[in-house]
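Fold and geometry: a report
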Amino acid sequence: MPERDAGDLLRDAERIVVFTGAGMSAESGVPTFRDALTGLWQRFDAQALATPEAFEADPALVWGWYEWRRAEVELVWPNAGHRAVATIAAHTPDTLVITQNVDDLHERAGTTRIVHLHGSLFAPRCSACGHAAAVSELPAEGGRIPPPACADCGDDVRPGVVWFGEPLPADALSAATEAASDCDLLLTIGTSGLVHPAAEIPYMAARAGAAVIQINPEPTPIDSVATINLRGPAAQILPDLVC
Ligand code: BV8
Ligand code: ZN
């Protein structure tokens, strides 16, 4: 029997997980995690800035970085890859998007069933009492911006993202683990597979017997479990898959 290609796997799948990383948003122009270090922040290491310790040491620096990144996301649009993912979900209702990204481009492309493993730029909360805070007016310019005070307890509001050294939201991680262990197809798109425990998702699906399709211009550790490797940019490859 001729080997089934990615389009066949997609057409036949009944339970799909789409696992995405920063490469999913690259063609929209969203700076990837490491590219988001320009201007004031260029002398920092992203992994050092995206930590509770950095926020503790200099809340205005870290809050300013996230507000600048949110402003960047608000300037761009979902790309053809995000729209193709929304088409997949419309065609196969039992599709869950599990993203490591903190932008809202999957939502703006029309996808509704999404798990944000690393939180969102659009869900600030109080660093003390956890009270959800309003998304403030976009900053007029970049730079250090003192975080707003919590309306409930007055403590600093923090970005609604998961920092290095912080646990992933338990509900998000269990929904993702459950879906990955039960799907019959997992698409992994634009992730280097280096950040744990999110990086374990494709391996969970492969162990459970799912087919794994990887879309990435570069090789990654996930090559070892990919049924099919599509080497190239998501916004070019995905639309051809769904047409
Ligand atoms: C935790 C939000 C424990 C913030 C982010 C096990 C082994 C090793 C290390 C660890 C481990 N367990 C824990 C760790 C430590 C750490 C970790 O994994 N470190 C790594 C770096 C070694 N993990 C943690 O700290 C996690 N927490 O485990 O807590 C715990 C448990 C209980 C109680 C207390 C503590 C938390 C990790 C979450 C960190 N937050 N994001 C923010 O955004 O500011 S992660 C952040 O970096 C992004 O979300 C992304 O996931 C990650 C990587 O970013 P990028 O490099 O930009 O993107 P990506 O890796 O996806 O690479 C881009 C890819 O796209 C490339 O492959 C490229 O080829 C491709 N590409 C480019 N263009 C395109 C494309 N693909 C397709 N189309 C294109 N056009
Ligand atoms: Zn509070």
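Preceding this section is the structure that the text describes.
Described below are features of the structure shown in this document. (Residues numbered from 1 in each chain as written. Chains lettered and ligands numbered in written order. Predicted model: local features only at pLDDT ≥ 70, side-chain atom pairs only at ≥ 80, totals over all residues. Heavy atoms only, no water.)

**Brief notes about the site of ligand 1**
Taken together, 35 residues lie near ligand 1, and Arg-34, Tyr-66, Arg-69, Gly-165 and Ser-192 sit nearest. Measuring from an oxygen atom of ligand 1, one finds a side-chain N or O atom of Ser-192 at 2.4 Å. Within the side chain of Asn-216, a nitrogen or oxygen atom sits 2.8 Å from an oxygen atom of ligand 1. Considered on its own, ligand 1 offers 1,500 Å² of accessible surface; in the complex 72% of this is hidden by protein. (Near = heavy atom within 4 Å. Polar contact = N/O pair within 3.5 Å; in protein donor to acceptor, adjacent residues only side chain to side chain. Areas by Shrake-Rupley, 256 points an atom, 1.4 Å probe, with all protein chains shown as cover.)

**Some words on the pairing of strand 5 (residues 157-161)**
With 5 of its 5 residues buried, strand 5 lies for the most part within the structure. Direction of pairing for strand 4 (residues 119-126) relative to strand 5: antiparallel, over a ladder of 4 bridges. Across the sheet, Gly-119 pairs through a bridge with Val-161, a residue of strand 5. (Buried < 20%, exposed > 50% of the residue type's maximum accessible area, 1.4 Å probe, protein only. Helix = DSSP H or I, 4+ residues; strand = E, 2+ residues; numbered from the N terminus. Pairing = 2+ DSSP bridges.)

**Here's the deal with unusual backbone geometry**
Look at the link from His-196 to Pro-197: it is a cis peptide, with omega at -5°. Along the polypeptide, Pro-197 turns up in the loop between strand 6 (185-189) and helix 9 (201-207).

**A word on the environment of Ala-206**
Mapping Ala-206 onto the fold places it in helix 9. For the pair Ala-206 and Pro-148, spaced 58 residues apart in sequence, the C-alpha to C-alpha distance is 44 Å. The residues touching Ala-206, leaving out its near neighbours within four places in the chain, are Val-212 and Val-225. (Contact = heavy atoms within 4.5 Å.)

**A look at the nonpolar core**
Core analysis: the largest hydrophobic core is formed by 25 residues, its most contacted members being Trp-41, Leu-49, Val-62, Trp-65, Tyr-66 and Trp-163. Put simply, the parts of the chain that give this core at least two residues each are helix 3 (46-49), helix 4 (52-57), helix 5 (59-75) and strand 5. A per-element tally of this core places helix 5 first, with 7 residues. With residues near it in sequence (within four places) discarded, Tyr-66 still touches Ala-50, Leu-121, Pro-159, Val-161 and Trp-163. Listed in part, the 23 residues of the second largest apolar core include Ala-84, Leu-187, Ile-189 and Ile-213. (Core = buried A, V, L, I, M, F, W, Y, C linked by side-chain atoms within 4.5 Å.)

**So, empty space enclosed by the protein**
On inspection of all chains with the given rule, the structure shows 1 cavity of 30 Å³ or more. Approximately 40 Å³ is the volume attributed to the largest cavity. Contributing to the lining of the largest cavity are Trp-63, Tyr-66, Glu-67, Arg-70, Leu-121, Pro-124 and Pro-159. Secondary-structure elements contributing two or more residues to the lining of the largest cavity are helix 5 and strand 4. Top element by residues in the lining of the largest cavity is helix 5. It accounts for 4 residues. Considering only residue class, the lining of the largest cavity consists of 5 nonpolar, no polar and 2 charged. (1 Å grid on protein atoms, 1.4 Å probe; cavity = no way out; pocket = protein on both sides within 12 Å on 5 of 7 lines; lining within 4 Å. Points joined across faces, edges and corners; volume = space filled by probe spheres on them. Nonpolar A, V, L, I, M, F, W, Y, C, P; charged D, E, K, R; others polar.)

**Focus: the packing of helix 6 (residues 80-91) against helix 10 (residues 234-242)**
Where helix 6 contacts helix 10, the two axes come as close as 7 Å, and the packing angle between them is 30°. As far as their axial angle goes, helix 10 and helix 6 are roughly parallel. As for how helix 6 packs across helix 10, the hand of that crossing is left-handed. Facing helix 6, whose interface residues are Ala-80, Gly-81, Ala-84, Val-85, Thr-87 and Ile-88, helix 10 presents Ala-234, Ala-235, Leu-238, Pro-239 and Val-242. A per-class count over the contact of helix 6 with helix 10 returns 9 nonpolar, 2 polar and no charged. (Axes fitted to C-alpha atoms, helices over the stretch in contact; angles between N-to-C directions. Parallel < 35°, antiparallel > 145°, perpendicular 65-115°, else oblique. Left-handed = near helix turned anticlockwise from the far one by under 90°.)

**Description of the side chain of Thr-220**
Take Thr-220: it is sitting in the loop between strand 7 (211-215) and strand 8 (228-230). A distance of 2.6 Å separates the side chain of Thr-220 from the side chain of Gln-214, its partner in a polar contact. Once residues lying within four places of it in the same chain are set aside, the contact partners of Thr-220 are Thr-191, Ser-192 and Gln-214.

**Examining the sheet that holds strand 1 (residues 16-20)**
Read across the open sheet, the 6 strands follow the order 3-2-1-6-7-8; overall the sheet is parallel. Strands at the two margins of the open sheet, each flanked by one partner only, are strand 3 (114-116) and strand 8. On average, adjacent strands in this sheet sit at an angle of 15° to one another, irrespective of strand direction. Pairing between strand 1 and strand 6: 5 bridges, direction parallel.

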